[in-house]
Amino acid sequence: MTTLKIAYSPCPNDTFVFDAWAHGRVPGAPRLDVTFADIDITNGMAERGEFDVLKVSYAVLPYVLDEYALLPCGGALGRGCGPLVLTREPGVDLTGRTVAVPSEKSTAYLLFRLWAADVVPEGVGQIVVLPFHEIMPAVRDGKVDAGLVIHEARFTYQNYGLHCLADMGEHWESTTGLPIPLGAIIAKRSLGAETLKLVAESARTSVRMAWDDPKASRPYVLEHAQEMDPAVADQHIGLYVNEFTAGLGEDGYAAVRGLLTRAAAEGLVPPLGRDALAFVQPS
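It should be emphasised that the depicted structure is a prediction, and the values quoted were computed from it without experimental measurement. (Residues numbered from 1 in each chain as written. Predicted model: local features only at pLDDT ≥ 70, side-chain atom pairs only at ≥ 80, totals over all residues. Heavy atoms only, no water.)

Draft legend 1. Geometry of the overall build of the protein chain. A count of helices and strands for the protein chain gives 12 helices and 11 strands. Whereas a compact globule of 283 residues would reach a radius of gyration of roughly 19 Å, the protein chain reaches 18 Å, a difference of no more than 12%. Taking the principal axes of its C-alpha atoms as reference, the protein chain extends roughly 55 × 40 × 30 Å. Here the protein chain holds 283 residues, and 54% of them are scored as buried. In the protein chain, the share of contacts with a sequence separation of at least 24, taken over all contacts with a separation of at least 6, comes to 80%. Accessible surface for the protein chain amounts to roughly 12,000 Å². Of this, 48% is attributable to carbon and sulfur atoms. Side-chain charges of the protein chain comprise 23 positive and 35 negative groups, with the mean position of each set lying 3 Å from the other. (Helix = DSSP H or I, 4+ residues; strand = E, 2+ residues; numbered from the N terminus. Rg over C-alpha atoms; globule rule 2.2 N^0.38 Å. Buried < 20%, exposed > 50% of the residue type's maximum accessible area, 1.4 Å probe, protein only. Contact = heavy atoms within 4.5 Å. Areas by Shrake-Rupley, 256 points an atom, 1.4 Å probe, with all protein chains shown as cover. Lys, Arg positive; Asp, Glu negative; His and termini not counted. Charge placed at Lys NZ, Arg CZ, Asp CG, Glu CD.)

Draft legend 2. Highlighting the pattern of salt bridges. Using the criterion set out here, one finds 11 salt bridges in the structure. Measuring nitrogen to oxygen at the nearest pair gives 3.4 Å for the salt bridge that ties Arg154 to Asp167. With Arg154 in helix 6 (residues 153–156) and Asp167 in strand 10 (residues 163–167), this residue pair connects regions lying 13 residues apart in the sequence. As far as the burial class goes, Arg154 and Asp167 line up, both buried. Between Arg218 and Asp234 there is a salt bridge whose closest N-O contact spans 2.8 Å. Taken together, the residues Arg218 in helix 9 (residues 214–223) and Asp234 in helix 10 (residues 230–240) connect sequence positions 16 residues apart. The partly exposed category is assigned to Asp234, whose relative accessible area is 38%. (Salt bridge = Lys/Arg side-chain N within 4 Å of Asp/Glu carboxyl O.)

Draft legend 3. View of the environment of Trp172. In this fold, Trp172 is placed in helix 7 (residues 168–176). Judged by its relative accessible area of 2%, Trp172 falls in the buried class. Residues Trp172 and Glu223, 51 residues apart in the sequence, show an inter-C-alpha distance of 33 Å. Those residues within four positions of Trp172 in sequence are excluded, and the remaining contacts are Leu111, Leu114, Gly177, Leu178, Pro179, Ile180, Pro181, Ala255, Gly258, Leu259 and Arg262.

Draft legend 4. Highlighting the side chain of His236. Relative to the assigned elements, His236 resides in helix 10. Residue His236 is classed as buried on the basis of its relative accessible area of 0%.

Nothing here speaks to function; it is all geometry.
Here you go:
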C-alpha cells in the first residue's frame with residue numbers, strides 16, 4: 001500500500017495517539033510519512049490540500065470538508081480541558097484590549113469569540129496571532145493585554161505569574177452541556193472509501209494500543225515534548241486522550257456540529273452542509 005503523508009503536532013496527546021501506527025506496530029495499517037507541525041500550520045496545510053491525513057482544528061472544517069472527510073476517531077474532545085484566557089492581573093476588562101491567540105482559525109479562537117460575545121459585549125480590541133509558545137511570555141512581559149492558551153499551558157501558566165481570567169471550556173460546557181471539541185483528524189476523500197475506513201481503524205487501534213501499554217509510547221512522547229516535564233506530559237495525555245479519541249459518538253458529533261453552527265451564526269465560519277460531517281463508509 002502507498003505510504004500516507006500525515007501531519008500532526010509534537011504535543012504529547014498526538015504522539016501518544018499515533019506512536020504505535022507511526023512505528024509500524026498496528027497490524028495491516030498503511031505506512032506513515034510523518035511531518036510535525038503546530039496546529040496553525042496544519043490548518044493551512046489542510047486548506048491547501050497538501051497531506052493525505054492531518055490533525056487540524058475543528059474550526060477549519062467548514063473550509064476543507066469538500067476535500068477531506070472527518071475521521072470518527074483520533075482527535076481531541078473532552079470536558080474540563082478548554083482554552084484559557086490569561087492576564088497579568090486578575091479581573092481585567094478586555095474591552096478594547098489586545099489579545100494574543102494561536103490562530104484565527106483555531107477551535108480555541110471560536111470558543112473565545114463565542115465567550116467574548118457574551119462577556120465582552122463592546123468587543124475586544126486587536127487580535128494578534130503568535131506561536132503558541134510565545135503567548136504566555138508576551139502576556140507576562142506586557143506586550144499584549146491577554147493571551148488565549150491551550151494544552152499544557154493549563155498546568156504551567158502560574159509559572160509565568162499569570163492569572164486565569166476565564167476558562168473557555170467552562171463557558172462552553174455550562175451553556176451547551178456538551179464536550180469541548182478541539183482537534184480533529186481528517187483524511188482526503190480521494191483516498192476512497194475502503195482506505196478511509198482503514199485509516200480510521202488504524203487510528204482507533206493505535207489509540208487502544210497506547211492505552212494498553214502506555215510505556216511503549218513514552219520515548220516518542222518525550223522526544224517531541226519540547227523539554228516538557230514528564231509529569232506535565234502525563235497530565236496532558238490524561239486530559240486530551242479519552243473516550244472521544246477512540247470514537248466521537250453521539251455527544252462528540254453533537255459538540256462539533258453545535259460549535260460550528262454557533263460560529264456560523266456569529267459569522268465566524270461558513271455554514272456546514274447537512275451531511276458535511278458524515279464519515280464515508282464503503283457501500
